[in-house]
Amino acid sequence: MRLASVVLAAVVAAGGCAGAADPARLPRAEGLPSLKLADWPGLDEADWARPARIDERACRAAKAGRDARIVVPVWWGKATRPPEGTVYVLKVTYNDTAAQPVVLSSHAGVAGYWGASEVHRFGGLGDGKWKTADVPISWDLLIRKNAPGDVTEFFIRADKDLPVESIVVTPTGEGAAEKYFRETREWVARVQADKRKAADLGAGQEPVLPDASKGKPLVPFARTYMATLMPNAAPQQGEAGAGLELRLARNEYETAAFGVYANGTDLKEVDFTVGELTGPAGKLTCEIDCRSAEYAAVVKSSRAREKSYLMFPQRMWPAYPVDIPAGRSHWFWVTVKTLGEASKPGKYEGNVRVACQTASGEASCAFPIRVEVVPVTLLTMQQAGLDHGSCLGGLCTLQELRTLFEFNHTGMHIWFGGAQSQMTVRKGKLAQDWYYLDDWMQYAVDKLGMTHIFWFLGGDPLGFPDTLNLERDLYRAQPGDRNALRREFLDKTNAKPAMVIPELRQLYPEWVRQMAEHAQNGPWPKKIILHPFDEPNKWAGRGKWDNPFHTVIGAGSWIKPHFRDNCQLIRKGSAGFDNVLIGADVYSPSAGLVFLGDIDVFCTNAIHADQEMGNKVRAAGKQFWQYGGCDDHASADDVRLRFGFYFGAYDSRGSLTWAYNTLPRFDTTGGQGWGFGWYTPFGTVQTPFMIGLREAYDDRRWAETYKKLAGKAAAEKLLAEIGRQAIAQRSDRAAPKDFAERLARLQNMDRWRNQIIDAILKNQRTADLRR
């Protein structure tokens, strides 16, 4: 599996940074680069101390608090990136003076405003010892810089001046992925140590064990992935000794989960394996992915005087050994992926073997896993007429993008405040550099089949007009100081907020025209949905954010005419092009529906406030979409119900997730963010929300497949009843009276899907009899 999550790094002005090294002075890359920092050319003295000798080692110190840049000639030939799948290891020799983990970042062509993307953290023990850190860096975390085009960049950031002797680029070796994963979990645990001591471990459960398990130290128990397994969980009635059950089509992922309970004694190095799956049809041809949870501290509440924390299974890593204290539990996943025609329908069975060390020696046990592959090939998202994308801070890495598309994404939703062309305006003429966006779009379209992008040209009106990202950044693309130009733009728009200011009235549609033409002729998806700015329904109220940079007026009645003015300028710029639509993201039915005459795609999270909203939108000839959000520790159950059966009940054909990667890097306790995945050089770290979202759209694919096979009219009765039940369950805010009732609610989703599967199979049998 693959992974990704972009960290928004320091904003860099379009067109590059001041003080860039002269590429003519850089050594030519003969093979893999080896950098001796003491005599490496082009290091900026604002970032780097003068060369020195420490312990007889020649070095230079990265200055504290700086993103100390190192410009390196590309070594992979003429391509934009190294070959797909390539991973190198940067061997960084340094003196560990830092009190916090040191951050190494790279120029990857995906971070906000094309800044630096974090690769790895190391050191931070402050022991003054010379060390060599292994920093894996993958093909999608490296890119040839567009200007000049024969270099790339690394950055080192430390909280103390950090002497660095050398950086040597080497091929990756065996065990590099496991080492990277382990070191990442270790630094997160170290920086969270105090927070974890007092963190909530979840509601305690008394173990309910059958006689066969009562005397055993190691007790596995089956529990749906939709019920997040907390450290204080314990087996409940019928879970210990039960097997894992999966039912899936011939082209589907399906996840089963189980816990391991430490029954009266500490368990060390708990790990598991899954054996072959066999049945009457022979051995099942499939892929099996095994994952172990990383319990990390997340913010439980920040409303009190002091933050409180929760130990949550925030990330699911490729399976690794874990320790489980006595009386606690740990979470594990098994995901089966069928491979189309190669995966023969039938029933298969195998064993999951769990092993560990206890004070008395090794302990192990096995329990069954049963898989049914039904003789159905699901419609793809595109075949089903469904679209889904997640919002991005900057862009996401290409490995990450592949994971999301394997998990039912069809497009991505980018924000101009970070993901934009590099623009210059000279004498009223707009010029744009699409280098980084072209690289990303081409991969998404050619390799993954991306169908659309939803491009937010502005953000929340509470920050208006500083959140009018396209307008603001067009204005400061003129010659001059960018901060002074930003203030000019804010003053002018604050003074006359109802319309785009005169200086931009030609540039705005010209940007749209150039983008539409470039997208039509280039490697871009053929549907570009431009959103002038987020949540225009806020015209109906007042409110604003504090902006330390400059005064803003925030939301008010001017938001409505300004949004409509934006729409008119987009129509003007896109005239003659059929690849541009206008979208709106709204959460208030009454204040949002007023824009139906201005837009093409209406996206809402407020269907509960007006059950007929979808019908009203479709009656106006517009596309009806829905959206929902997450935080840094969202579970799988709510997202599966919401984006799956609940959204399906209103027949929304597209949807949006806020957001995929606007999180701090791994340790999320220091700041607010939204996201459900993390990138690494070796693939994507999964999360409960990610799997719930994938399963939500598998539910939708099952429903659309049923419609196609049985006919829409024949399928309508069952699907309408499931939709009615889904709406009722989503609307029921009463807390379940106990765990058994909660589990029954979660299992409704599996029951509904199985009803659809059974109806498809019955329809197939009926068709066979007729033939």
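Here's a quick rundown of the structure.

Regarding the sheet that holds strand β13 (residues 253-262)
Step number 1: Strand order in the open sheet formed by five strands is β11-β13-β20-β17-β18, with antiparallel pairing between adjacent strands. Edge positions in the open sheet fall to β11 (218-222) and β18 (308-318), since each of these has one partner strand only. Across this sheet, the average inter-strand angle for adjacent strands is 30°, counted without regard to direction.
Step number 2: Relative to strand β20 (residues 329-338), strand β17 (residues 286-301) runs antiparallel, the two being bridged by seven bridges. Bridge pairing links Cys 286 to Thr 338 in β20.
Step number 3: Seen against the sheet, helix α13 (residues 688-710) touches β13, β18 and β20 and runs at an angle of roughly 145° to β13.

A short note on the side chain of Gln 422
Step number 1: Note that Gln 422 resides in strand β25 (residues 422-426).
Step number 2: Under the relative-accessibility criterion, Gln 422 is labelled buried at 11%.
Step number 3: A distance of 2.7 Å separates the side chain of Gln 422 from the side chain of Asn 146, its partner in a polar contact.

Considerations on helix α14 (residues 712-731)
Step number 1: Taking 1.5 Å per residue, 20 residues should reach 28 Å; α14 reaches 26 Å between its end C-alpha atoms and fits that length.
Step number 2: Along its length, α14 shows its largest kink, about 30°, at Leu 718.
Step number 3: Taken together, the buried positions of α14 are occupied by Ala 715, Leu 719, Ile 722, Gly 723, Ala 726, Gln 729 and Arg 730.

Observations regarding the packing of helix α4 (residues 398-406) against helix α5 (residues 435-446)
Step number 1: Taken N-terminus to C-terminus, the directions of α4 and α5 make an angle of 30°; their axes are 11 Å apart at the nearest point. Taken together, α4 and α5 sit at an angle that is classed as roughly parallel. Seen from above, α4 lies across α5 with right-handed handedness. Seen from α4, the contacting residues are Leu 398, Leu 401 and Arg 402; seen from α5, they are Asp 439, Trp 440, Tyr 443 and Ala 444.

Focus: the packing of helix α12 (residues 636-649) against α13
Step number 1: At a closest axis distance of 7 Å, the pairing of α12 and α13 adopts a crossing angle of 20°. One way to sum up the angle between α12 and α13 is to call them roughly parallel. Crossing of α12 against α13: the hand is right-handed. Along its contact with α12, which presents Ala 636, Val 639, Arg 640, Arg 642, Phe 643, Gly 644, Phe 645, Phe 647 and Gly 648, the element α13 presents Pro 688, Phe 689, Gly 692, Leu 693, Glu 695, Ala 696, Tyr 697, Asp 699 and Arg 700.
Step number 2: Residue classes in the contact of α12 with α13 are distributed as 10 nonpolar, three polar and five charged.

Considerations on the environment of Ala 495
Step number 1: Tracing the backbone through its elements, the reader meets Ala 495 in helix α7 (residues 482-495).
Step number 2: Owing to a relative accessible area of 59%, Ala 495 belongs among the exposed residues under this scheme.

Observations regarding the nonpolar core
Step number 1: With 176 residues, the main nonpolar core has Ile 70, Trp 440, Trp 455 and Trp 511 as its most contacted residues.
Step number 2: Beyond its immediate chain neighbours, meaning those up to four positions away, Ile 70 contacts Leu 35, Leu 37, Trp 40, Leu 43, Trp 48, Thr 152, Glu 153, Phe 154, Ile 156 and Ile 167.
Step number 3: Within the second largest apolar cluster, 43 residues are counted, among which are Trp 187, Val 260, Leu 267 and Cys 356.

Here's the deal with helix α8 (residues 507-521)
Step number 1: In this model α8 runs 21 Å from its N-terminal to its C-terminal C-alpha over 15 residues, within 8% of the 21 Å that 1.5 Å per residue would give.
Step number 2: Residues of α8 that are buried: Leu 507, Tyr 508, Pro 509, Trp 511, Val 512, Gln 514, Met 515, Ala 516 and Ala 519.

Concerning the pattern of salt bridges
Step number 1: Evaluated as defined, the whole model comprises 60 salt bridges.
Step number 2: A salt bridge links Asp 473 to Arg 476; its shortest N-O distance comes to 2.8 Å.
Step number 3: Judged by relative accessible area, Arg 476 falls into the buried class, the value being 9%.
Step number 4: Note that Arg 513 and Glu 517 form a salt bridge whose closest N and O atoms lie 3.5 Å from each other. Taken together, the positions of Arg 513 and Glu 517, both in helix α8 and four residues apart, correspond to about one turn of that helix.
Step number 5: A relative accessible area of 30% means that Arg 513 is categorised as partly exposed.
Step number 6: Among the residues examined, Glu 517 registers a relative accessible area of 36% and is labelled partly exposed.
Step number 7: One salt-bridge network, in which partners are shared between bridges, spans Glu 252, Glu 254, Arg 640, Arg 694, Glu 695, Asp 699, Asp 750 and Arg 753.

Some thoughts on the sheet that holds strand β30 (residues 601-604)
Step number 1: With parallel pairing, eight strands are arranged side by side in an open sheet as β23-β32-β31-β30-β29-β28-β27-β24. Of all the strands in the sheet, just β23 (387-390) and β24 (411-415) have a single pairing partner and so form its edges. Strand-to-strand, the axes of this sheet are offset by a mean angle of 25°, without reference to chain direction.
Step number 2: In this sheet, strand β28 (residues 527-531) lies alongside strand β27 (residues 452-456) in parallel orientation, the contact comprising five bridges. In the strand pairing of β28, Trp 455 is matched with Leu 530.

Let's talk about unusual backbone geometry
Step number 1: In the segment running from Phe 464 into Pro 465, the intervening peptide bond is cis, with an omega of 5°.
Step number 2: By secondary structure assignment, the location of Pro 465 is in the loop between β27 and α6 (469-475).

Considerations on the packing of aromatic side chains
Step number 1: The tally for this structure, following the rule as stated, stands at 39 aromatic pairs.
Step number 2: Taking 6.1 Å as the distance between ring centres and 90° as the angle between the ring planes, the aromatic pair formed by Phe 181 and Phe 682 counts as edge-to-face. Of the two residues, Phe 181 is situated in helix α1 (residues 176-191) and Phe 682 in the loop between β35 (678-680) and β36 (683-685); the sequence distance between them amounts to 501 residues.
Step number 3: Where Tyr 646 meets Tyr 650, the ring centres are 5.4 Å apart and the plane angle is 80°; that geometry is what we call edge-to-face.
Step number 4: Through a chain of ring-to-ring contacts, the aromatic side chains of Tyr 180, Phe 181, Trp 187, Trp 317, Phe 666, Trp 678 and Phe 682 assemble into a single cluster.
Step number 5: Between the NZ or CZ atom of Arg 315 and the centre of the ring of Trp 678, over which it lies, the distance is 4.6 Å.

Analysis parameters
- Residues numbered from 1 in each chain as written.
- Predicted model: local features only at pLDDT ≥ 70, side-chain atom pairs only at ≥ 80, totals over all residues.
- Heavy atoms only, no water.
- Pairing = 2+ DSSP bridges.
- Helix = DSSP H or I, 4+ residues; strand = E, 2+ residues; numbered from the N terminus.
- Axes fitted to C-alpha atoms, helices over the stretch in contact; angles between N-to-C directions.
- Contact = heavy atoms within 4.5 Å.
- Buried < 20%, exposed > 50% of the residue type's maximum accessible area, 1.4 Å probe, protein only.
- Polar contact = N/O pair within 3.5 Å; in protein donor to acceptor, adjacent residues only side chain to side chain.
- Expected span 1.5 Å × (residues − 1).
- Bend = angle between axes of the 7 residues up to and from the residue.
- Parallel < 35°, antiparallel > 145°, perpendicular 65-115°, else oblique.
- Left-handed = near helix turned anticlockwise from the far one by under 90°.
- Nonpolar A, V, L, I, M, F, W, Y, C, P; charged D, E, K, R; others polar.
- Core = buried A, V, L, I, M, F, W, Y, C linked by side-chain atoms within 4.5 Å.
- Salt bridge = Lys/Arg side-chain N within 4 Å of Asp/Glu carboxyl O.
- Phe/Tyr/Trp six-rings, centres within 6.5 Å; stacked < 30°, edge-to-face > 60°.
- Lys NZ or Arg CZ within 6 Å of the ring centre and 35° of its normal.

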